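# Architecture at a glance
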Amino acid sequence: PFLAGDALRADLLAGATRLRAQGLSISNLIYRWGTSTRAARKQVQPLFASASVPWFGLNEGTVNRYALRRIAFGAFTGRSVRTQDWFVRVIEQAAQGRCWPILMLHPGAAGHTAEHNAMLHDLLVHAKHVGLPVRTLAQHLAALGVTAPAASEAARGTADQPFSA
């Protein structure tokens, strides 16, 4: 069900608190509500450094860090299956500064195969060869100066507002 307002904020805060209590460091939310509305993004901002929308795509130009697009890789690609050549072209575009792709990986899923692992290995080698840093999303945002709100800020809802990066 789509949550809104106080119910959404309570759900987000409870989930973030539970994960952080287990010693997990979380900075990016993947919207589970199937949509990224302005109201949902407003509730997410005090709790997370960024959020990924459920829509396929590259992040090009100036992007809202609470509406990041991602590319399914391996399992769960649906109709968005891409070839290795397509990923190579994306890596080369990113190396030229024209975009930054976020790969959505599910290596533990049944549909993720040894062939996916081999292709991912080859793509990572290619990325390093063309000088493209290979980072987690948290590492990339930190390189841009963006960090997750501290737990105390998240509880009070006083974390910094988002910017486009």
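Residues numbered from 1 in each chain as written. Predicted model: local features only at pLDDT ≥ 70, side-chain atom pairs only at ≥ 80, totals over all residues. Heavy atoms only, no water.

This brings us to the environment of R38. Within the fold, R38 resides in helix α2 (residues 38–44). Considering only alpha carbons, one finds R38 and Y66, 28 residues apart in sequence, at a separation of 9.6 Å. (Helix = DSSP H or I, 4+ residues; strand = E, 2+ residues; numbered from the N terminus.)

A word on the packing of aromatic side chains. Summed over the entire model, instances satisfying the criterion amount to 3 aromatic pairs. Residues F56 and W86 carry aromatic rings whose centres are separated by 6.1 Å and whose planes lie at 35° to one another, so their mutual orientation is tilted. Of the two residues, F56 is situated in strand β2 (residues 50–56) and W86 in helix α3 (residues 84–95); the sequence distance between them amounts to 30 residues. Of the residues examined, F56 reaches a relative accessible area of 29% and is grouped as partly exposed. An aromatic cluster of at least three residues, connected via ring pairs, comprises F56, F73, W86 and F87. Over the face of the ring belonging to F48 we find R20, whose NZ or CZ atom lies 6.0 Å from the ring centre. (Phe/Tyr/Trp six-rings, centres within 6.5 Å; stacked < 30°, edge-to-face > 60°. Buried < 20%, exposed > 50% of the residue type's maximum accessible area, 1.4 Å probe, protein only. Lys NZ or Arg CZ within 6 Å of the ring centre and 35° of its normal.)

Here we take up empty space enclosed by the protein. Empty space among the atoms can be located by rolling a probe the size of a water molecule over them. Applying the stated rule across the entire model yields 1 cavity of 30 Å³ or more. Of the volumes computed, that of the largest cavity is approximately 30 Å³. The wall of the largest cavity is formed by F2, L3, A4, G5, L8, T37, A39, A40 and Q43. Breaking the lining of the largest cavity down by element, the ones donating at least two residues are α1 (5–21) and α2. At 3 residues, the largest contribution of residues to the lining of the largest cavity is made by α2. Among the residues forming the lining of the largest cavity, the class breakdown is 6 nonpolar, 3 polar and no charged. (1 Å grid on protein atoms, 1.4 Å probe; cavity = no way out; pocket = protein on both sides within 12 Å on 5 of 7 lines; lining within 4 Å. Points joined across faces, edges and corners; volume = space filled by probe spheres on them. Nonpolar A, V, L, I, M, F, W, Y, C, P; charged D, E, K, R; others polar.)

It is worth spelling out the confidence of the model for the protein chain at this point. Of all residues in the protein chain, 83% have pLDDT values of 70 or greater, and the mean over the chain is 81. Per-element mean pLDDT across the protein chain ranges from 47 in helix α6 (residues 151–156) up to 92 in helix α4 (residues 114–129). Below pLDDT 50 for its whole length, residues 151–165 participates in 34 contacts with residues either more than four positions away or in separate chains. (pLDDT = per-residue confidence, 0-100. Contact = heavy atoms within 4.5 Å.)

Attention shifts here to the packing of α3 against α4. Their axes nearest at 10 Å, the elements α3 and α4 cross at an angle of 25°. One element, α3, and the other, α4, form an angle in the roughly parallel class. Handedness of the crossing formed by α3 with α4: right-handed. Between α3, through Q84, F87, V88, I91 and E92, and α4, the contact on the second element is made entirely by M119, D122, L123, H126 and A127. Of the residues in the contact of α3 with α4, the class split is 6 nonpolar, 2 polar and 2 charged. (Axes fitted to C-alpha atoms, helices over the stretch in contact; angles between N-to-C directions. Parallel < 35°, antiparallel > 145°, perpendicular 65-115°, else oblique. Left-handed = near helix turned anticlockwise from the far one by under 90°.)

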